Amino acid sequence: MAFELTFHGAAEQVTGSLYVLRAGASTVVVECGLIQGGREAEARNADPLPVAVDSIDAVVLSHAHIDHTGRLPLLFKQGYDGPVYVQRATRALCEIMLPDSGYLNEKDAEWENRKREAKGQPLVEPLYTREEAEQSLALFEGLGYGEPTTIAPGLTLTFHDAGHILGSAIVELRYDDEGRERTLVFSGDLGYHESPVMNDPATLQHADAVLMESTYGDRQHRPYAETLEELGDVFETARAAQGNIMIPAFTVGRTQDLLYLMAKHHDEWRLDKWHIFLDSPMGIEATDAYARFRHLYGVQLFETDSRQPDLPNFHATRTTEESMTINEIRSGAIIIAGSGMCSGGRIHHHLRNNIWRPECHLVIVGYQAQGTLGRRLVDGADEIRLFGDTYKVRARIHTIGGLSAHADQQGLIDWYAAFDNRPPVYLVHGEARAQVPLLERLRSELSAPASIARYGQTIAI
Ligand SMILES: [Zn+2]
Ligand SMILES: [Zn+2]
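For clarity, every value in this text was computed on a predicted model and none was experimentally measured.

Colleague: Requested: an account of the overall build of the chain, with residues and values cited.
Modeller: When its secondary structure is counted, the chain shows 13 helices and 22 strands. Here the C-alpha atoms of the chain give a radius of gyration of 23 Å, agreeing with the 23 Å that 2.2 N^0.38 yields for 461 residues. When its C-alpha atoms are laid out on the principal axes, the chain stretches across 70 × 60 × 45 Å. Relative to its 461 residues, the chain shows a buried fraction of 45%. By sequence separation, contacts in the chain at least 24 residues apart represent 74% of the contacts at least 6 residues apart.

Colleague: Kindly report on helix 8 (residues 281-292), identifying the contributing residues and their values.
Modeller: With twelve residues, helix 8 extends 17 Å from end C-alpha to end C-alpha; this agrees with the ideal 16 Å at 1.5 Å per step. Of the positions making up helix 8, those classed as buried are Pro-281, Gly-283, Ala-286, Thr-287, Ala-289 and Tyr-290. Looking at the buried residues of helix 8, the elements they touch are helix 4 (88-119), helix 7 (254-264), strand 13 (275-279) and strand 15 (333-337).

Colleague: Mind laying out the pairing of strand 5 (residues 84-87), listing which residues take part and the relevant values?
Modeller: Every second residue of strand 5 is oriented toward a common face, with Val-84 and Val-86 on one face and Tyr-85 and Gln-87 on the other, all of them buried. For strand 5 and strand 6 (residues 140-143), the ladder comprises four bridges, and the chain directions are parallel. Within the sheet, the bridge partner assigned to Gln-87 lies in strand 6 and is Leu-143.

Colleague: For helix 13 (residues 432-446), give the residues involved together with the corresponding values.
Modeller: With 15 residues, helix 13 extends 20 Å from end C-alpha to end C-alpha; this agrees with the ideal 21 Å at 1.5 Å per step. Taken together, the buried positions of helix 13 are Ala-434, Gln-435, Leu-438, Leu-439 and Leu-442. Buried residues of helix 13, viewed axially, fall in a sector of 125 degrees; they line one side. Facing away from the buried surface of helix 13 by more than 90 degrees, the exposed residues are Arg-433, Glu-440, Ser-444 and Glu-445. Turning to helix 13, the residues buried within the fold contact helix 12 (409-417), strand 20 (425-428) and strand 21 (450-452).

Colleague: Would you mind going over the domain arrangement of the chain in detail, with residue names and values included?
Modeller: When cut into domains, the chain gives domain 1 (3-219 + 405-460) and domain 2 (224-399). For domain 1 versus domain 2, the distance between C-alpha centres works out to 29 Å. The partner domain 2 presents 21 residues to the 18 residues of domain 1 that form the contact. Residue classes in the side of domain 1 that touches domain 2 are distributed as eleven nonpolar, five polar and two charged.

Colleague: Any chance you could break down the pairing of strand 2 (residues 19-23) for me, citing the residues and the numbers?
Modeller: Counting buried positions over the five residues of strand 2 gives five, a clear majority of the element. Burial along strand 2 is two-sided: the residues Tyr-19, Leu-21 and Ala-23 and Val-20 and Arg-22 are all buried. Across five bridges, the pairing between strand 1 (residues 3-7) and strand 2 is antiparallel. Paired with Glu-4 across the strands is Arg-22, a residue of strand 2. Summarising the sheet, strand 2 and strand 3 (residues 26-30) pair through five bridges and their orientation is antiparallel. Within strand 3, the residue paired with Leu-21 across the bridge is Val-28.

Colleague: Outline the nonpolar core, supporting the account with residue identities and numerical values.
Modeller: Among the nonpolar cores identified, the biggest contains 126 residues, and Val-28, Val-59, Leu-93, Ile-247 and Ile-335 are the most heavily contacted of them. Here the element with the most residues in this core is helix 4; it accounts for six residues. Two domains share this core, each providing at least three of its residues, namely domain 1 (3-219 + 405-460) and domain 2 (224-399). Excluding residues that lie within four positions of it along the chain, Val-28 makes contacts with Leu-21, Ala-23, Asp-57, Ala-58, Val-60, Ile-151, Ala-152 and Leu-155.

Colleague: An account of the packing of helix 4 against helix 8 is needed here, citing residue identities and associated values.
Modeller: Helix 8 packs onto helix 4 with a crossing angle of 170 degrees between their chain directions and a minimal axis gap of 9 Å. Relative to helix 8, the element helix 4 lies roughly antiparallel. Residues Ala-89, Ala-92, Leu-93, Ile-96 and Asp-100 of helix 4 touch helix 8, and the partners they reach there are Met-282, Glu-285, Ala-286, Ala-289 and Arg-292. Tallied by class, the residues present in the contact of helix 4 with helix 8 amount to seven nonpolar, no polar and three charged.

Colleague: So what's going on with the sheet that holds strand 19 (residues 396-399)? Residues and values would help.
Modeller: Think of a sheet as strands paired side by side through backbone hydrogen bonds, with each pair either parallel or antiparallel. Read from one edge to the other, the open sheet built from six strands follows the order 14-13-15-12-16-19, with strand pairing classed as parallel. Two strands lie at the open edges of the sheet, namely strand 14 (314-316) and strand 19, each paired on one side alone. Along the sheet, successive strands turn relative to each other by an average axial angle of 20 degrees, direction set aside.

Colleague: Got a sec to walk through the environment of Thr-320? Specific residues and values, please.
Modeller: Within the element layout of this structure, Thr-320 appears in helix 9 (residues 320-325). Separated by 39 residues in the primary sequence, Thr-320 and Pro-281 have C-alpha atoms spaced 9.5 Å apart.

Colleague: I'd like to hear about unusual backbone geometry, residue by residue, with values.
Modeller: Residues Gly-338 and Ser-339 are joined by a peptide bond in cis, for which omega reads 5 degrees. Among the secondary structure elements, Ser-339 is positioned in the loop between strand 15 and helix 10 (347-354). You will see that Glu-31, though not glycine, has its phi angle at about 70 degrees, which is positive. Within the secondary structure layout, Glu-31 lies in the loop between strand 3 and helix 1 (39-43).

Colleague: Give me the sheet that holds strand 2: which residues, what numbers.
Modeller: Read across the open sheet, the seven strands follow the order 6-5-4-3-2-1-22; overall the sheet is mixed. Unpaired on one side and paired on the other, strand 6 and strand 22 (458-460) mark the two borders of the sheet. For this sheet, the mean inter-axis angle between neighbouring strands, taken without regard to orientation, is 25 degrees. Bridge analysis of strand 1 against strand 22 gives three bridges, and the strand direction is antiparallel. From the neighbouring strand, Leu-5 faces strand 22, where its bridge partner is Ile-459. Against the sheet, helix 4 engages strand 5 and strand 6, with an angle of about 105 degrees to strand 5.

Calculation notes
Residues numbered from 1 in each chain as written. Chains lettered and ligands numbered in written order. Predicted model: local features only at pLDDT ≥ 70, side-chain atom pairs only at ≥ 80, totals over all residues. Helix = DSSP H or I, 4+ residues; strand = E, 2+ residues; numbered from the N terminus. Rg over C-alpha atoms; globule rule 2.2 N^0.38 Å. Buried ≥ 20, exposed ≤ 12 C-beta atoms within 10 Å, placed from the backbone. Contact = placed C-beta atoms within 7 Å. Expected span 1.5 Å × (residues − 1). Pairing = 2+ DSSP bridges. Arc of directions from axis to C-beta. Domains from an automatic or database assignment. Nonpolar A, V, L, I, M, F, W, Y, C, P; charged D, E, K, R; others polar. Core = buried A, V, L, I, M, F, W, Y, C linked by C-beta atoms within 7 Å. Axes fitted to C-alpha atoms, helices over the stretch in contact; angles between N-to-C directions. Parallel < 35°, antiparallel > 145°, perpendicular 65-115°, else oblique.

Following this line, the structure appears as structure tokens:
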């Protein structure tokens, strides 16, 4: 009986993860991620899924990031009503992120239809709605790490801590084919061992085939101590200038890393003079999930028995009214707000109030895609447009590159090297430029049977 896997996404690219596993008569979809990166690529999200919905027996998702989960509501919309296995904390995060993704789809469709209506063209439907995303959550079954669970005849799923974001998992799938056991291990997104909050990724010793992410397969992260020093310098310069600090941040992971680092280095960075605002309803909800699942990582981020971050002068501004009170502050506010690439959200209001003031600072802590406002600011734009007006960029822009949630090249090599039988390894979730140097090192240093996963390719395990 066959135990095989076909690559239908994140092959020679990062986003849109989707793999189809066949184990005997059963079909399992592993990951159901959204394709991201510009209009043309994103239009492909509406393409028919590569597998008939009524033939799917189970779905497994490694973690809550939208490039791994964002097409799940579409599968539900098309009639899938079987189980979706996730780590328990991933379920909590998906309750926040998938409805938001549905809401963004509705907004996109509305925007597109306004243009189409004017031209007399047929209207489009959102990929899925907020309501459909909410309904799809009923299919989710949360599992703990290290709990083997039978998900199809002869097929056992075990999650292991991937150390990437809260609830992130390495997916181990073991198939017992009439006494002959075969194991597939999928890395999911692997964490960076120096990142402050999450544990190190778990290592496994045996597999018959490995799928490994390769986002930073061409890169060595700089020493973490340097990143902390840079952050400390920003706070020092900003204190002397007496303005505000804006930090556009992603909801999950980066935001909680920042809160933890500010608490840990509070005295050293002399943060007692600052008020720290988390001005993002989604960021606040995600931080609350980090509080509820605090047993899943090794540091103390919250006050004992409380969901309040263990950080003096911290304010979570949930409502619009609370958020607007920040507009009056001219000096001494650290404002963490979405969106992470400044492409929308409350950060626009803070940019409007602060970007033209030379005493203010904008601190970029995450990747800024081509075409986003965040990228234009990093690239040195002298003015930006917000709410129909033009603003001069006079605030100082700092880019802090070292806060990655992904393993670097050495981290990936070390994770694979823990397998004592040197199984075939297929690189996924990376661009060719990142995959080739990693492939070469895996082959030359570890004699690994390594290859780059090709779109549509099927491997036997
Ligand atoms: Zn991820
Ligand atoms: Zn990813």
